[in-house]
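Overview (structure and organization)
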Amino acid sequence: MRDINPLAPSQKASRPAIFGWLLFDWACQPFFTLVTTFVFAPFFASALAPDPVSGQSLWGYATAAAGLVLAVLSPVLGSIADATGPKKPWIASCGLVLFIASFALWYAAPGQPYAIAIALIGFAFGTVAVEVAGVFNNAMIPHLVPPERFGRLSGTGWAMGYLGGLVSLVIVLGFLSPDPVSMKTVFGLDPLFGLDPATREGDRITGPFSALWFLLFVLPLFLFTPDIPRSGMRLKEAARKGLEQVRSTIADARRHESVGRFLIANMIYQDALVALFAFGGIYGAGVFGWQAIELGIFGILLTVTGTIGALVGGRLDDRIGAKPVILGAIVILALVCLGVLSLGREHILFVVPTAAPAPDDGLYGSAPEKLFVLLGLVIGAVAGPLQASSRSLLARLVPAQEAGRYFGLLALSGKVTSFLAPLAVAVATAIFQTQAAGPAVLILFLLVGFWLLSGVKRV
């Protein structure tokens, strides 16, 4: 199953080429940080949806729908890209969809007709586009560095993404998005460009901001990073071959126990991670009543630990292997979910009562809020290594010249049931009428993923 990477050490990509590839994660991350987690999603739950509980459910259904589409598209398009060769045209096409979908979020204004539909459709289309683009970007890894550097390259990419999310979050919260009560940004300023706090323009601007950010910072990838040579195969023929390759790739994965078991495990634990990020900000807004400042500073702190975690995780990956890094991250995330489950507005550890915060206690004044922030920082620290080591593990397992179809299958395994965890959270939230149902569901997903990955041969 393994194949020697076609890049000899003397033929590795240049520094500008590597830098262009790394900036892809930087370019994409504001969509995840600003839209999916810390600004737009809580705005949707608190200002567009009828109430936070139904907002969490609706957001879960949109996330589930995007995951279902990704399950179909990712492996097929990855196989087609392998057959035709170049990956950049596919990244450009996905980028166009991401740009349009992100810009559409500006029109999801409170009180406007179809605002909820615009928000959910724009979010879902943007999610599909950015994730599919990532399939093609990931498939370039074996063509840029030798295998012994896969972990460091992947981890550095995730760290660049977290850093991009951090910078974009500081810009939005410091200069654009005001607190609904004080009408000032985190820096105590009036929002730039005359953004109106009453109509939540500071929250809605995250869509156009993410679109423009992506357009600007994805350019070095196209300018400096060499693409894979064109095969000469026509698109129609490539599509037919791509569909055949999907079937053969799934068959190959089933015959090679380590690959197949890893992909199934990835499917389960990535489901839980998707749901954690999708509902983290919504949970803080719904349970503790956090507004823009609390959510924004929480996001900044989380992305700082995420950047550090991704850098450290990439080096651990190259030193001790991808599998131990992933297993350790899964255990920590399960414990974090248990900790979140134990929190309420007026208690910690399920039964220990806490005092309500006083007006002069400042940010995160109550004990449950402080513990929730701490748990969030842990999520940030281990999420990067979990995802970075997942793609480096696959890069070590499969032939370099077939990386596209296998990374498409990785996206399939990460997305084929990615609707399941958000859907389970949405349904459990709706049935039990409590946001605490979410962490309880995710613990089960993480434990199953751990058990499956433990049987994969160490690479």
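About the cut-offs
- Residues numbered from 1 in each chain as written.
- Predicted model: local features only at pLDDT ≥ 70, side-chain atom pairs only at ≥ 80, totals over all residues.
- Heavy atoms only, no water.
- Helix = DSSP H or I, 4+ residues; strand = E, 2+ residues; numbered from the N terminus.
- Buried < 20%, exposed > 50% of the residue type's maximum accessible area, 1.4 Å probe, protein only.
- Contact = heavy atoms within 4.5 Å.
- Areas by Shrake-Rupley, 256 points an atom, 1.4 Å probe, with all protein chains shown as cover.
- Axes fitted to C-alpha atoms, helices over the stretch in contact; angles between N-to-C directions.
- Parallel < 35°, antiparallel > 145°, perpendicular 65-115°, else oblique.
- Left-handed = near helix turned anticlockwise from the far one by under 90°.
- Nonpolar A, V, L, I, M, F, W, Y, C, P; charged D, E, K, R; others polar.
- Salt bridge = Lys/Arg side-chain N within 4 Å of Asp/Glu carboxyl O.
- Core = buried A, V, L, I, M, F, W, Y, C linked by side-chain atoms within 4.5 Å.
- Patch = residues over 30% accessible without salt bridge, like charges linked within 9 Å, V, L, I, M, F, W, Y side chains within 5 Å.
- Lys, Arg positive; Asp, Glu negative; His and termini not counted.
- Charge placed at Lys NZ, Arg CZ, Asp CG, Glu CD.
- Phe/Tyr/Trp six-rings, centres within 6.5 Å; stacked < 30°, edge-to-face > 60°.
- Lys NZ or Arg CZ within 6 Å of the ring centre and 35° of its normal.
- Expected span 1.5 Å × (residues − 1).
- Arc of directions from axis to C-beta.
- Polar contact = N/O pair within 3.5 Å; in protein donor to acceptor, adjacent residues only side chain to side chain.

Before going further, it helps to spend a moment on the overall build of the protein chain. The helix and strand tally for the protein chain stands at 17 helices and 2 strands. Within the protein chain, the fraction of its 459 residues that count as buried is 60%. Taking as baseline every contact in the protein chain between residues at least 6 positions apart, the subset at least 24 positions apart corresponds to 83%. Total accessible area on the protein chain is roughly 18,000 Å²; 69% of this is exposed by carbon and sulfur atoms.

Okay, the packing of helix α6 (residues 150–176) against helix α8 (residues 206–217) next. Running from N to C, α6 and α8 cross one another at 140°; their axes reach a closest spacing of 12 Å. The angle between α6 and α8 places the two elements in the oblique class. Seen from above, α6 lies across α8 with right-handed handedness. Residues G164, V167, S168, I171, V172 and L176 of α6 lie in contact with α8, whose contacting residues are T206, F209 and W213. Here the contact of α6 with α8 is built from residues that sort into 6 nonpolar, 3 polar and no charged.

Attention now goes to the pattern of salt bridges. Inspection of every chain in the model, using the stated rule, returns 3 salt bridges. Put simply, D190 and K184 hold a salt bridge, and the shortest N to O gap is 2.6 Å. Under the relative-accessibility criterion, K184 is labelled partly exposed at 32%. R204 is the partner of E201 in a salt bridge, and the nearest nitrogen-oxygen pair spans 4.0 Å. Of this pair, E201 and R204 are both found in helix α7 (residues 201–204), 3 residues apart, which corresponds to roughly one turn of the helix.

The subject of this paragraph is the nonpolar core. Membership of the largest hydrophobic core comes to 115 residues, with the highest contact counts inside it found for F262, Y269 and L453. Excluding residues that lie within four positions of it along the chain, Y269 makes contacts with F262, I326, I330, L386, S390, L446 and L453.

Where like charges cluster on the molecular surface, the positive patch consists of R149, R152, R315 and R319. The exposure class assigned to R149 is partly exposed, which follows from its relative accessible area of 34%.

For the structure on display, the rule yields 12 aromatic pairs. Ring centres of F209 and W213 lie 5.7 Å apart, and the angle between their planes is 35°; this geometry places the pair in the tilted category. Taken together, the positions of F209 and W213, both in helix α8 and 4 residues apart, correspond to about one turn of that helix. Judged by relative accessible area, W213 falls into the buried class, the value being 8%. Joined through ring pairs, the aromatic side chains of F40, F43, F44, W59 and F123 make up one cluster. Across the ring face of W106, the terminal group of R204 is positioned such that the distance to the ring centre comes to 4.7 Å.

Compared with an ideal rise of 1.5 Å per residue, which puts 17 residues at 24 Å, helix α4 (residues 88–104) spans 24 Å between its outermost C-alpha atoms and is within 8% of the ideal. Those residues of α4 not exposed but buried are K88, W90, I91, C94, G95, L98, A101 and S102. Angular distribution of buried residues about the axis of α4 spans 140°; they occupy a single face of the element. Pointing more than 90 degrees away from the buried face of α4 are the exposed residues L96 and I100.

Okay, unusual backbone geometry next. It is generally the case that most residues other than glycine have a negative phi and that most peptide bonds are trans. For Y114, which is not a glycine, the phi torsion comes out positive at approximately 65°. Within the secondary structure, Y114 sits in the loop between α4 and α5 (115–138). Of note, F193 is a non-glycine position whose phi angle comes to about 65°, a positive value. Examined against the element boundaries, F193 turns out to sit in the loop between α6 and α7. Assessed through its relative accessible area of 75%, F193 is described here as exposed.

On to the packing of α4 against α5, then. Where α4 contacts α5, the axes come no closer than 8 Å and their chain directions differ by 160°. Here α5 runs roughly antiparallel to α4, going by the angle between their axes. Considering the relative orientation of α4 and α5, their crossing is left-handed. Between α4 and α5, the residues in contact are W90, I91, C94, V97, L98, A101 and A104 and I118, G122, F125, G126, A129, V130, V132, A133, F136 and N137, respectively. Of the residues belonging to the contact of α4 with α5, the class tally is 14 nonpolar, 3 polar and no charged.

What follows concerns the environment of V69. Topologically, V69 is positioned in helix α3 (residues 52–84). V69 gets classed as partly exposed once you look at its relative accessible area, which sits at 39%. Sequence separation of V69 and V128 is 59 residues, and the distance between their C-alpha atoms is 7.1 Å.

Attention now goes to the side chain of T206. Its location among the elements puts T206 in helix α8. Taking the relative accessible area as the measure of exposure, T206 reaches 0% and is therefore buried. Of the polar contacts made by the side chain of T206, one reaches the backbone oxygen of D203; its length is 2.7 Å. Sequence-distant contacts of T206, that is, excluding residues within four places in its chain, are made with L34, V35, V39, F40 and V172.

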